[in-house]
Amino acid sequence: MKDITIAFVGGGNMARSLIGGLITDGMPAKRIWVADPNETVLHNHQTHFDVHTTTSNNEAARHARVVVLAIKPQVAKAVVQELAAVIKTNRPLIISIAAGIREGHLKNWLDKDVAIVRAMPNTPALVHSGATALFANTAVSKPQKNLAESILRTAGMTLWLDDEDLMDAVTALSGSGPAYFFLIMEALEDAGHHLGLPQDMARLLTLQTAFGAAKMALESTEELAELRQRVTSPGGTTEQAIKVLQAHRLEAVFDEALRAAHQRSIELAAIFGNE
């Protein structure tokens, strides 16, 4: 990967995270281009990473074997159509992290034979602890799949989908998921404070408990239900709390919430693809 050139079209937070991960993994900064209309964004990238910067998307793409579309879905059609001539000539691998922009939309704006990988990272990628689902079209070769995976793995774990429609489920679960956990942590912190703990202490206990539970689950081969049951002693404090949560149909609430997010993901994809 160190001998290829990557162009990031869009220099926002997700691009910054991936660039930082690539450089940490040993990729030369001079192999990376960033295109963005915001001069301040470009200055920050150049100062922090010493990468090539430009306000011209086409200039960045002309140098690249991989073009990462790190743009907002609302502007995707205009940006991609602007790049179409360069991409048809140079035939780079396209990695799109533009939420809701389907592979079919990109092919319509570019060319049916362009190699495209869709990626759905979530915001913990900003601290290199993300979860990213990937989908490749039939024009993507095995080496290109490996390359895309290597790039996205710098921001956390990756997994491949065989069906692009599952991206909407990924969006509902892991894409939006950090907000669900933040909401739960907010509630736990407030509840601990209401029980008399100082706010800073309630916050620290909440965050460390969330981190520890996730770490235990990641490092265990047990099912989540089994891990929960191990903490839930009959007649104990945890059992009483779980009874309250289940009485309020917590599982059903999350099922309904993810279904709502899933449906909205489908709706937004239809909107963005036609803009």
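Scroll up a little and you will see the structure.
Residues numbered from 1 in each chain as written. Predicted model: local features only at pLDDT ≥ 70, side-chain atom pairs only at ≥ 80, totals over all residues. Heavy atoms only, no water.

Enquirer: How should the overall build of the protein be read in this particular structure?
Expert: Along its length, the protein carries 12 helices and 8 strands. In terms of principal-axis extent, the alpha carbons of the protein reach across some 70 × 40 × 35 Å. A burial count over the protein gives 42% of its 275 residues as buried. A fraction of 62% describes how many contacts in the protein between residues 6 or more apart in sequence connect residues 24 or more apart. On the protein, roughly 15,200 Å² of surface is accessible, and the fraction owed to carbon and sulfur atoms is 57%. If you average the places of the 25 positive and of the 30 negative side-chain charges in the protein, the two averages end up 6 Å apart. (Helix = DSSP H or I, 4+ residues; strand = E, 2+ residues; numbered from the N terminus. Buried < 20%, exposed > 50% of the residue type's maximum accessible area, 1.4 Å probe, protein only. Contact = heavy atoms within 4.5 Å. Areas by Shrake-Rupley, 256 points an atom, 1.4 Å probe, with all protein chains shown as cover. Lys, Arg positive; Asp, Glu negative; His and termini not counted. Charge placed at Lys NZ, Arg CZ, Asp CG, Glu CD.)

Enquirer: So what exactly am I meant to see when it comes to a nonpolar patch on the surface here?
Expert: A contiguous nonpolar patch, built from F181, I184 and L188 and spanning about 300 Å² of accessible area, is present on the exposed surface. As for its position among the elements, I184 is in helix α8 (residues 177–194). (Patch = residues over 30% accessible without salt bridge, like charges linked within 9 Å, V, L, I, M, F, W, Y side chains within 5 Å. Salt bridge = Lys/Arg side-chain N within 4 Å of Asp/Glu carboxyl O.)

Enquirer: Can you help me understand the packing of aromatic side chains in this one?
Expert: The relation between two aromatic rings is expressed through the spacing of the ring centres and the mutual angle of the planes. A complete count under the given rule lists 1 aromatic pair for this structure. Ring geometry for Y180 and F254: centres 6.5 Å apart, planes at 65 degrees, overall edge-to-face. In this pair, Y180 sits in helix α8 while F254 sits in helix α12 (residues 250–274), placing the two residues 74 residues apart along the sequence. Between the NZ or CZ atom of K145 and the centre of the ring of W160, over which it lies, the distance is 4.5 Å. (Phe/Tyr/Trp six-rings, centres within 6.5 Å; stacked < 30°, edge-to-face > 60°. Lys NZ or Arg CZ within 6 Å of the ring centre and 35° of its normal.)

Enquirer: I would appreciate a short explanation of the sheet that holds strand β2 (residues 32–35) in the present structure.
Expert: Hydrogen bonds along the backbone pair up the strands of a sheet, which may run parallel or antiparallel. Taken together, 8 strands build an open sheet; the order of strands is β3-β2-β1-β4-β5-β6-β7-β8 and the sheet is mixed. Edge strands, defined here as strands with exactly one partner in the open sheet, are β3 (52–54) and β8 (156–160). Across the sheet, the mean angle from the axis of one strand to that of its neighbour is 20 degrees, orientation sign disregarded. In this structure, strand β4 (residues 66–69) lies alongside strand β5 (residues 93–96), joined through 4 bridges in parallel fashion. Bridge assignment links L69 to a residue of β5, and that residue is S96. (Pairing = 2+ DSSP bridges. Axes fitted to C-alpha atoms, helices over the stretch in contact; angles between N-to-C directions.)

Enquirer: Which parts of the structure should I look at to understand the pattern of salt bridges?
Expert: Two side chains of opposite charge can pair, provided their charged atoms sit close to one another. Counted under the stated rule, the structure contains 10 salt bridges. With a shortest N-O distance of 3.5 Å, E226 and R230 are connected by a salt bridge. Of the two residues, E226 and R230 both sit in helix α10 (residues 224–231), 4 residues apart, roughly one turn of that helix. Linked through salt bridges whose partners overlap, the residues forming this network are E222, E226 and R230.

Enquirer: Looking at this structure, how should I read the layout of surface pockets?
Expert: Remark: the empty space left among the atoms is shown by a probe the size of a water molecule rolled over them. The volume enclosed by the second largest pocket comes to roughly 660 Å³. As for the second largest pocket, its lining consists of 28 residues, and the residues nearest its centre are A70, I71, K72, P73 and I97. At the level of elements, α1 (13–24) and α7 (167–175) are the ones that each hand at least two residues to the lining of the second largest pocket. Looking at which element gives the most residues to the lining of the second largest pocket, the answer is α1, with 3 residues. Looking at the lining of the second largest pocket, its residues break down into 15 nonpolar, 11 polar and 2 charged. (1 Å grid on protein atoms, 1.4 Å probe; cavity = no way out; pocket = protein on both sides within 12 Å on 5 of 7 lines; lining within 4 Å. Points joined across faces, edges and corners; volume = space filled by probe spheres on them. Nonpolar A, V, L, I, M, F, W, Y, C, P; charged D, E, K, R; others polar.)

Enquirer: I keep staring at the environment of D111 and nothing clicks. Help me out?
Expert: Within the secondary structure layout, D111 lies in the loop between α5 (103–109) and β6 (116–120). Take D111: its relative accessible area is 23%, and that puts it in the partly exposed class. In this structure, the C-alpha to C-alpha distance between D111 and A84, residues 27 residues apart in sequence, is 7.8 Å. Ignoring anything within four residues of it in the chain, the contact list for D111 reads K88, R91 and L106.

Enquirer: Sorry, what's going on with the side chain of T154 here?
Expert: Topologically, T154 is positioned in the loop between α6 (142–153) and β8. Relative accessible area serves as the criterion here: at 9%, T154 is assigned to the buried category. A polar contact is formed between the side chain of T154 and the backbone oxygen of I151, at a distance of 2.7 Å. (Polar contact = N/O pair within 3.5 Å; in protein donor to acceptor, adjacent residues only side chain to side chain.)

Enquirer: Teacher, can you tell me more about the pairing of β8 here?
Expert: Regular strands place their side chains on alternate faces of the sheet. When strand β7 (residues 130–136) meets β8, the two strands line up parallel, connected through 5 bridges. Following the sheet pairing, G130 is matched in β8 by G156. In the classification by handedness, the crossover that spans β7, the intervening α6 and the parallel β8 is right-handed. (Right-handed = clockwise from strand over helix to strand, strands pointing away.)

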